[in-house]
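Fold and contact review
Here is what each chain is made of, one letter per residue.
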Amino acid sequence: MEPAAIGARLASSVVSPLIKKLFLSEGPGAGLVDKPIRVSALISFRGEKRTLSDKDLHAIAEELVRRAAQSTGVEDVLPTFEKRAVANAVADSLRVMGTLDMEDVQAVRLGHLGLSRRLRSQSRPATLGLSSDAVTLHASVLDTACLHILNFFTQRSTFVPRTLVEQSRSIEELTLKIDSLIARAPSPADGPFEDRYAGYIAAKHGKLSIFGLDLSGAPETWRLDAAYLSLDAAGEATSTGPVLLSADHVLAGRNRVLLRGVAGSGKTTLVQWLAVSAGQKAPDERLLYLYGLVPFVLPLRTLTRGGATLPAPHEFLSAVDCPIAALQPPGWFDRVLRAGRGLMLIDGIDEIPEDDRNDARRWLRELISVYPANRWLVTSRPSAVQEHWLVNEEFAELDLAPMSRDNIAEFVERWHKAAGISDQYANELLRAIRAKQDLGRLATNPLMCGLICALHQDRRGYLPEGRKEIYDAALSMLLFRRDRERGVYKSGSIYISEAHHIQLIQKLAYWMIRNGRSEMDRGDAVDLLGQALPMMPKVDEQGTAEEIYRYLLVRSGLLREPSADSMDFIHRTFQDYLGAKAAVEGLDFDFLIANAHLDQWEDVIRMAVAHARPTERTRLLTGLIRRDDVSRHGMNRLHLLAAACLEHATELDPAVRMEVQQRAAALIPPRSADQSRALTEVGPVVLDLLPGPREAATGDTPLVPEEVSPEEQLIADEAYFTVLTATRIATDAAITVLARYRGHRDPRVRTELVRAWSRFDTDLYGREVVAHVSEESIYFPVSNLRELRALHDFGGRSRIKVSGEFTTADFVNSCRSDPLTHLWVDAGMGGTWGWLHNFPHLRSLTIETPLPHIDVSSLAQVLSLRTIRVPEGTAAVGMDRLPPSMEVVRELPPA
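Reference entry: report on the structure contained in this document. The residue numbering used here restarts from 1 in each chain and proceeds along that chain's sequence as written. Reporting in this predicted model follows two pLDDT cut-offs: at least 70 for local features of residues, and 80 or more for side-chain atom pairs to be given and counted; totals over whole chains, interfaces and linings ignore these cut-offs and use all residues. To obtain the side-chain values, all non-hydrogen atoms of the structure were used and water was disregarded.

Points about the sheet that holds strand 14 (residues 799-802)
Under the convention used in this document: DSSP-based pairing: two strands are paired if at least 2 bridges between them are found. Put simply, DSSP H or I for four residues or longer makes a helix, DSSP E for two residues or longer makes a strand, and each gets a number counted from the N terminus. Throughout, an axis means a line fitted to C-alpha atoms (over the contacting stretch in the case of helices), and angles, computed between N-to-C directions, take values from 0 to 180 degrees.
The parallel open sheet is built from 6 strands, whose spatial order is 13-14-15-16-18-20. Because the sheet does not close on itself, it has two edges, and the strands there are strand 13 (780-782) and strand 20 (887-889). Averaged over all neighbouring strand pairs, the angle between strand axes comes to 20°, with direction disregarded.

Re the packing of helix 20 (residues 498-514) against helix 24 (residues 572-585)
Worth spelling out the cut-off: Small angles under 35 degrees read as roughly parallel and large ones over 145 as roughly antiparallel, with 65 to 115 read as roughly perpendicular and the rest as oblique. Contacts are assigned to residue pairs that have any heavy atoms within 4.5 Å of one another. Three categories are distinguished: nonpolar for Ala, Val, Leu, Ile, Met, Phe, Trp, Tyr, Cys and Pro, charged for Asp, Glu, Lys and Arg, and polar for the others, with Gly belonging to the last.
As a packed pair, helix 20 and helix 24 sit with axes 7 Å apart at the nearest point and diverge in direction by 95°. In terms of orientation, helix 20 and helix 24 fall into the roughly perpendicular class. Residues Ile502, Gln503, Ile505, Gln506, Ala509, Tyr510, Met512 and Ile513 of helix 20 lie in contact with helix 24, whose contacting residues are Gln575, Asp576, Leu578, Gly579, Lys581, Ala582, Ala583 and Glu585. For the contact of helix 20 with helix 24, the per-class residue count stands at 9 nonpolar, 4 polar and 3 charged.

Things to note about unusual backbone geometry
Note that the residue after Ile668, namely Pro669, is joined by a cis bond; omega there is 10°. Along the chain, Pro669 turns up in the loop between helix 29 (654-665) and helix 30 (673-682). Non-glycine residue Leu587 carries a positive phi angle of around 55°. Along the polypeptide, Leu587 turns up in the loop between helix 24 and helix 25 (589-595).

Structural notes on the packing of helix 31 (residues 710-729) against helix 32 (residues 732-739)
As a reminder of what qualifies: Working rule for handedness: look at the near helix, and if it is turned counterclockwise from the far one by less than a right angle, call the crossing left-handed; if clockwise, right-handed.
Two elements in contact, helix 31 and helix 32, have axes whose closest approach is 8 Å; the angle formed by their N-to-C orientations is 160°. Between helix 31 and helix 32, the crossing angle belongs to the class labelled roughly antiparallel. As for how helix 31 packs across helix 32, the hand of that crossing is left-handed. Residues Val723, Ala726 and Thr727 of helix 31 lie in contact with helix 32, whose contacting residues are Ala734, Val737 and Leu738. The residue makeup of the contact of helix 31 with helix 32, split by class, is 5 nonpolar, 1 polar and no charged.

Notes on the packing of aromatic side chains
Stated precisely, the cut-off is as follows: Note on aromatic contacts: the rings of Phe and Tyr and the six-membered ring of Trp form a pair at centre separations within 6.5 Å, being stacked when their planes are under 30 degrees apart, edge-to-face when over 60 apart, and tilted otherwise. Partly exposed describes any residue whose relative accessible area lies between the buried limit of under 20% and the exposed limit of over 50%, with all areas from a 1.4 Å probe on protein chains only and scaled to the type maximum.
Within this structure, the stated rule accounts for 18 aromatic pairs. Measuring from ring centre to ring centre gives 4.6 Å for Phe23 and Phe152, while their planes differ by 15°; the resulting arrangement is stacked. Highlighted residues: Phe23 in the loop between helix 1 (12-20) and helix 2 (54-72) and Phe152 in helix 6 (residues 132-155), separated in sequence by 129 residues. The exposure classification of Phe23 matches that of Phe152, with both residues buried.

Right, dumping it as structure tokens:
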């Protein structure tokens, strides 16, 4: 029997009236008492004037146990005599309160679990002879009773000393949190299945495939908890810039999120991380908001396999081939979703055909209308859905940010550690990534960063340049060199050359692209290979189509079977790359052009330009920019797509290149997040097209939103989205563009400029941009010691946000003390906060933490401090020790 599900399901409305009977009512004048009193003096069943008899005490205990048994289903598990024995044990434990040598203040400080343990330890004989289930019931009921006992103490009029005001608030908040967690506890009937389901989620999603890792002799998969790298997600811009938060907290303060990210940016990995974290019995404190939620991982490409309709809730598990789907208790999914315990992880809107996405949105709307209280995460590539696609369903829209320099360094170090490779290779690779701008830009998402690590190790430090060259090298590594160097081939076994291997796999890829699929039926794959084999006699003579299919699946490193009846690529990027190669070899240019307006074809078109010969590139690009059979919006997308293809066109007619650039230039400056994303995909070539700020947006006076005219707002929007575009491209060439905006008045522009510091060379970007940005009402983030020291050299700043890991000594020694008036830190930097007295003018401290409480008592030493900000829902412990001049605010300022 699950301990968390027993006893603890007693809601506050049931327990409070029963608990009050245990204590004496206050008499007239009791409110004048100004000091704590003994717990034993409050008891109503002790002493000569008791108002509660022993029989009454037993009746209360029986009622508590009966309510617990009814609410959890234990009533049918424990026999009547054992429930009566549990009630007697609860009464004996409550009776111990009459002998406690402690004050009500001490009891509150002890906490409800501590008090419960004290009562149980002093009444231990009461549970002798009880079964383990009965002992668990006794402990859980007593835990809940003690929570309400302490709540009763804090509400008495005699409980007024200032030292206990905050404890009272904490207990009230704890009561609400307990009631919230109670609602997430499964019933005993569902508990065993949910335990088994959590085990399935951990096994299926608790590991990652890391490209090339197995070449070193390390396992081909990486444990998720060791591999997961927390990236950032950016939300819609506010008056002070975009909201930026850790990606694994996108659902911490909101229930519905549409998360966009480019191919390989980590969307699916995030889905895995959230699912596995929710299933843990003891999650990391930072992910406590997921506790008790039941994850449903719903990859849309799997749900729509073979043209299947999107499933109803009772079909969720069977639709993703969960082997224990048939074991779910009747009505389980409905109980979970009606209780708001569902964590709905819907992955890959972009991986279903564009014509089917409105059907997917209707399916989602219907689910939300029936089960609104759950948490929903929907992922997609950026171009697959327009802005505000789910705004009517109250979804917040966030974008996965590119990996920062620090993220890349951490990923490279982890990869080499997992592969058992010396730090020398990791350090050499990091130097190469920072020295070669094109390589550095490619490494900003986990997929490409993993490929680059594998290729660097496989080629003994030599790295190809450019996306196509990296894919070519990766295919050679995965398809051919891996087996050759591991000595896999034996006499008599199937042997397929690298060229034939690629030819066969690209036919599968192109079939999937032409048919709008991300998965392929196994039978269709075998049939397609059967049609191709007669044209390859050297392969055909080695085995049947079924045998060749099995060989490709096992040996390629690119294919996998998500179910017994289907096949897909390990990543959509490889499917697009190989499909594009097949299209070019088949001279399917008209077909490519005709489908280029569909977002699923964007990467295929770009890779087709890379594969094509010069005359074929001219045909493709002119076909894109001269199409006139699409809407204005579609035409703009095609022009930007053509511009994005230029980086892959190593040889091209100069007139065609100029025409493509001119068409793209007409869409600049960007005026929306969608336009900014599209320009970012164009790559570094767009930097030459981005303009400087218009004069109306520069000057000495900051823009105040309520005083901005529509024309000024338009100019400010253009500046912000231009800066956003350049910071996401993040090559040194972008610094020239961004430096033009360093005198801008708009706080969104200035916030984005300083926030991008970690993506560029610290010294160069600091000198050219950060040193010149006005500090009016914005925080300057520092992610490492070099940035903090650079700010020191610039004269310091009044507002600093610590976004990296620092020791307090590092911060004190490297930050100018006089200018600092506002500081934003993570709670992990504190513990005790006395070190802040080194900053004599510090007036405002923001403490960011996902934890439910934080001790602020040591801030009493920081005499200059006036405002302490903590997140909403976080209790500030020790407020009673702060001077009256300090105010605690439960709200973070704009980022």
